[in-house]
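# Inside the fold
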Amino acid sequence: MEIKAIKKLKLYGFNNLTKTLSFNMYDICYAKTPQHRHSYIEYIDEEYSAERLTNILTEVANIIGANILNIAKQDYDPQGASVTMLISEEPVNQPGEPVTSEECGECELNSESKSEAVVCHLDKSHITVHTYPESHPDEGISTFRADIDVSTCGHISPLKALNFLINTFQPDITAIDYRVRGFTRDVNGKKYFIDHKINSIQNYISSENRDMYQMIDVNVYQENIFHTKMLLKEFDLDNYLFGTAKKELMAGEKKKIKQRLKKEMAEIFYGKNIPKVNLKL
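Parameters at a glance
- One numbering rule holds for all chains: residues counted from 1, following each sequence as written.
- Owing to the predicted nature of the model, reporting of local features is limited to residues with pLDDT of at least 70; listing and counting of side-chain atom pairs is limited to 80 or more, with chain, interface and lining totals taken over all residues.
- Side-chain metrics rest on all non-hydrogen atoms present in the structure, leaving aside hydrogens and water.
- UniProt positions are given in the numbering used here, feature names are shortened, and annotations may be inferred rather than shown by experiment.
- Runs of E in the DSSP output that reach at least two residues are strands. Runs of H or I that reach at least four are helices, and both are numbered from the N terminus.
- Any pair of residues with heavy atoms lying within 4.5 Å of one another is described as a contacting pair.
- Polar contact is the term for a pair of N or O atoms within 3.5 Å; when the atoms are in protein, one must be able to donate a hydrogen and the other to accept it, and sequence-neighboring residues count only if both atoms are side-chain atoms.
- Residue exposure (1.4 Å probe, protein chains only): buried if accessible area is under 20% of the type maximum, exposed if over 50%, otherwise partly exposed.
- By convention in these notes, a salt bridge is any Lys or Arg side-chain nitrogen within 4 Å of a carboxyl oxygen on Asp or Glu.
- Only the six-membered ring of Trp is used, alongside the rings of Phe and Tyr, when aromatic pairs are assigned; centres must lie within 6.5 Å, and planes under 30 degrees apart are stacked while those over 60 apart are edge-to-face, with the rest tilted.
- Here, a charge over a ring means that NZ of Lys or CZ of Arg falls within 6 Å of the ring centre while also lying within 35 degrees of the ring normal.

You'll find the protein entered in an unreviewed UniProt entry as S-adenosylmethionine decarboxylase proenzyme, with Sporomusa silvacetica DSM 10669 given as the organism. The UniProt entry for the protein carries the following comment under Function (unreviewed entry): "Catalyzes the decarboxylation of S-adenosylmethionine to S-adenosylmethioninamine (dcAdoMet), the propylamine donor required for the synthesis of the polyamines spermine and spermidine from the diamine putrescine." Per its UniProt entry, the protein bears the Catalytic activity (unreviewed entry) comment "S-adenosyl-L-methionine + H(+) = S-adenosyl 3-(methylsulfanyl)propylamine + CO2".

Okay, structure coming up:
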């Protein structure tokens with residue numbers, strides 16, 4: 001996905017705008033029995049283990065053109081996993097190689113340890129993911145939530161990885177936040193609080209993905225804050241059953257399960273509990 005620059009800027013030092021993409025996704029299913037719900041959690045933990053998540057985040061780094069400096073990963077007991085990557089825009093200097101002013105920008109160099117100059121422009125560049133599988137104890141609804149943050153400092157943009165994340169997780173519901181913080185200066189000292197064109201996150205979502213989802217925006221343009229929520233349009237009960245086939249269910253049971261799933265998805269999408277809702281099935 002092309003990121004359209006406002007114009008080519010001749011900067012004073014390093015572009016220190018911080019661009020953060022938060023990708024919050026949900027996968028919903030119905031697991032009829034306690035054993036089915038337990039198996040669903042096990043399936044999610046295996047499908048999205050720390051190792052698999054590391055591979056996904058590594059591809060994100062490749063897509064946005066970032067260099068990976070460090071990886072920390074953890075599988076949790078009883079469930080869930082986390083991965084954190086420290087990344088940089090520039091290639092990493094080998095031990096003993098000098099750090100130049102072009103590499104660290106115009107930040108102050110520490111005369112005792114110039115390697116710290118690298119850290120000064122990397123501490124806001126990272127990619128993280130945390131997973132949260134859980135299930136309702138009575139209603140049979142099980143959900144898998146993953147929170148992914150891609151934060152960059154410099155020219156590289158996390159927006160380039162947006163469609164890859166959507167295509168990889170194929171979520172039922174997604175909440176996406178994008179924010180540009182700080183400012184950078186041109187050679188004349190003029191501040192720039194954003195260096196690319198955007199009026200909606202939807203600008204960077206492919207037409208194929210846009211067609212699949214109902215979407216709403218909540219944007220604060222003057223603060224360079226953008227928010228888009230997505231709800232999958234198509235609903236096929238077969239895609240939401242875990243451990244049970246649709247043909248095994250009675251007509252009334254199918255209707256009740258569909259209502260429960262639709263209610264769960266609506267509550268997550270709108271961010272509130274819905275005591276009674278008349279959903280079009």
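It is worth spelling out the UniProt feature "active site" (unreviewed entry) in the protein at this point. Within this structure's numbering, the places UniProt gives as "active site" (unreviewed entry) are Ser 125, His 130 and Cys 153. Looking at the secondary structure, you find His 130 in strand E4 (residues 126-135). Aside from chain neighbours lying at most four places away, what touches His 130 is Ala 81, Ser 82, Arg 145, Ala 146 and Asp 147. Only 2.7 Å separates the side chain of His 130 from the side chain of Ser 82, close enough to count as a polar contact. Relative to the helices and strands, Cys 153 is located in strand E5 (residues 141-153). Since its relative accessible area comes to 7%, Cys 153 is described here as buried.

Turning our eyes to something else, we now look at the pattern of salt bridges. Taken as a whole and judged by the stated rule, the model has seven salt bridges. The partner of Lys 246 in a salt bridge is Asp 236, and the shortest N-O contact between them spans 3.8 Å. One end of the pair, Lys 246, is in the loop between strand E11 (241-242) and helix H7 (251-270); the other, Asp 236, is in the loop between strand E10 (225-232) and E11, with ten residues separating them in the sequence. Residue Lys 263 is joined to Glu 267 by a salt bridge in which the shortest nitrogen-to-oxygen separation is 2.8 Å. Placement of both Lys 263 and Glu 267 in helix H7 is noted, with a separation of four residues, approximately one turn of the helix. Note on Lys 263: relative accessible area 27%, which makes it partly exposed. Under the relative-accessibility criterion, Glu 267 is labelled buried at 13%.

By the definition in use, this model includes ten aromatic pairs. Relative to Phe 242, the ring of Tyr 40 has its centre 5.4 Å away and its plane inclined at 80°; by these criteria the two rings are edge-to-face. Taken together, the residues Tyr 40 in helix H1 (residues 34-47) and Phe 242 in strand E11 connect sequence positions 202 residues apart. Judged by relative accessible area, Phe 242 falls into the partly exposed class, the value being 22%. Between Phe 269 and Tyr 270, the ring centres sit 4.9 Å apart and the planes meet at 80°, which makes this aromatic pair edge-to-face. Looking at Phe 269, the relative accessible area reads 0%, which means it is buried. Three or more aromatic residues joined by ring pairs make a cluster, and in this case those are Phe 23, Tyr 48, Phe 144 and Phe 169. Over the ring of Tyr 132 we find Arg 145; its NZ or CZ atom is 4.1 Å from the centre of that ring.

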